[in-house]
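Now for the letters of each chain:
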Amino acid sequence: MPPEPPAHQIRATHTATTVTVYQAYSPHLATPAARDNRFPPAWKRDRMTWVKPSFLWMMYRCGWATKADQETVLAIEITREGFDRALSEACLSHYAPGIHPDRETWRQTLASAPARVQWDPERDTHLNPLPHRSLQLGLSGPASRAYADEWTVSIRDVTPLARRIHALVRSGHDEDVRALLPAETPYPAGPLPHLGA
């Protein structure tokens, strides 16, 4: 049995220049995004958007593409340069003693940070929580706009893959499920002490 991953570790599908994150939207936003390889004008660039490097955490969040306004799952390949910048400028979404000197410093940092991070329990193929955590990266303001208009390299609709894997999970074909899951390996972000990793 492989060793348990560290409690806070970014795992993702990545290349030398890109990293893949997931989001789920209604078809009216996701279909043109996947078709045109860019987010449409209707995608609100000034609101916070959360991206997830974990495919299974995305499946947990969208209920295998069954939840309202999350029926289409997108795999968005973005530049590592943009992702790394967001991580370096991010603040934890909650106060953590030992990471932040005090609550007021954390509040001030969070208010001005263009990105924020949550570490939520990673999920297994049945969407049960695991002991280690998965990164959720929230982007707002300039980071959200850069994500949509500068960092995005490609956008793919992976809803058919999600539905196929879900059908295999329900029928108990665990080996087939593992073969289809995107390969997510530790992302070489280096130490991120300001994010608890």
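Engineer: Would you take a moment to explain the pattern of salt bridges for this structure?
Structural biologist: Oppositely charged side chains can pair when the atoms bearing their charge come close. On inspection of all chains with the given rule, the structure shows seven salt bridges. A salt bridge links Arg38 to Asp149; the shortest N-O distance between them is 3.4 Å. Here the residue Arg38 occupies a position in the loop between helix H1 (27-36) and strand E3 (49-51), and Asp149 occupies one in helix H5 (residues 141-151), the gap between them amounting to 111 residues.

Engineer: What is the right way to read the sheet that holds E3 from this model?
Structural biologist: The strands that make up a sheet pair up through hydrogen bonds in the backbone, lying either parallel or antiparallel. Ordered in space as E3-E7-E6-E5, the four strands form an open sheet in which the pairing is mixed. Single-partner strands in this sheet number two, and they are E3 and strand E5 (90-92). With strand direction ignored, the average angle separating the axes of adjacent strands in the sheet is 40°.

Engineer: Would you mind showing me how to read H1 here?
Structural biologist: Because an α-helix packs 3.6 residues into every turn, residues spaced three or four apart end up facing the same way. Restricting attention to buried positions, one finds in H1 the residues Leu29, Ala30, Pro32 and Ala33. Positioned one or two residues after H1, Asn37 has a phi angle of 65°, which is positive.

Engineer: What's the story with the nonpolar core in this structure? I'm lost.
Structural biologist: Looking at soluble globular proteins, one finds that nonpolar side chains tend to be buried together. Ranked by internal contacts, the top residues of the largest apolar core, which has 35 residues, are Phe39, Phe83, Leu137, Leu139 and Tyr147. Elements represented by at least two residues in this core include exactly strand E2 (18-25), H1, strand E4 (72-79), helix H3 (80-89), E5, strand E6 (115-123), strand E7 (129-139) and H5. Beyond its immediate stretch of four places on either side in the chain, Leu137 contacts Thr49, Trp50, Val51, Phe83, Ala86, Leu87, Ala90, Ala115, Arg116 and Val117. Counting 18 residues, the second-largest nonpolar core is a separate cluster that includes Phe55, Val73, Ala162 and Val169.

Engineer: Would you mind going over the side chain of Thr72 with me for this structure?
Structural biologist: Tracing the backbone through its elements, the reader meets Thr72 in strand E4. Residue classification places Thr72 among the buried positions, given a relative accessible area of 8%. Residues contacting Thr72, with those up to four places away along its chain left out, are Gln23, Ala24, Tyr25, Ser26, Pro27, Ala30, Asp157 and Thr159.

Engineer: Which parts of the structure should I look at to understand unusual backbone geometry?
Structural biologist: With glycine set apart, most residues show a phi of negative sign, and most peptide bonds adopt trans. Phi at Trp64 is positive, roughly 55°, even though this residue is not glycine. Looking at the element boundaries, Trp64 is found in the loop between helix H2 (55-62) and E4. Phi at Leu127 is positive, roughly 65°, even though this residue is not glycine.

Engineer: Hey, could you run me through the packing of aromatic side chains in this one?
Structural biologist: Aromatic ring pairs are described here by two measures, namely the spacing of the ring centres and the angle between the planes. One pass over the full model with this rule turns up eight aromatic pairs. Geometrically, the ring pair formed by Tyr22 and Phe55 is edge-to-face, given 5.5 Å between the ring centres and 75° between the ring planes. With a gap of 33 residues between them, Tyr22 in strand E2 and Phe55 in helix H2 connect regions that are remote in the sequence. Judged by relative accessible area, Phe55 falls into the buried class, the value being 1%. Both rings, one in Phe83 and one in Tyr187, keep their centres 5.1 Å apart while their planes meet at 85°; by these two values the pair is edge-to-face. One end of the pair, Phe83, is in helix H3; the other, Tyr187, is in the segment after strand E9 (185-186), with 104 residues separating them in the sequence.

What counts, and where the lines are drawn
Residues numbered from 1 in each chain as written. Predicted model: local features only at pLDDT ≥ 70, side-chain atom pairs only at ≥ 80, totals over all residues. Heavy atoms only, no water. Salt bridge = Lys/Arg side-chain N within 4 Å of Asp/Glu carboxyl O. Helix = DSSP H or I, 4+ residues; strand = E, 2+ residues; numbered from the N terminus. Pairing = 2+ DSSP bridges. Axes fitted to C-alpha atoms, helices over the stretch in contact; angles between N-to-C directions. Buried < 20%, exposed > 50% of the residue type's maximum accessible area, 1.4 Å probe, protein only. Core = buried A, V, L, I, M, F, W, Y, C linked by side-chain atoms within 4.5 Å. Contact = heavy atoms within 4.5 Å. Phe/Tyr/Trp six-rings, centres within 6.5 Å; stacked < 30°, edge-to-face > 60°.

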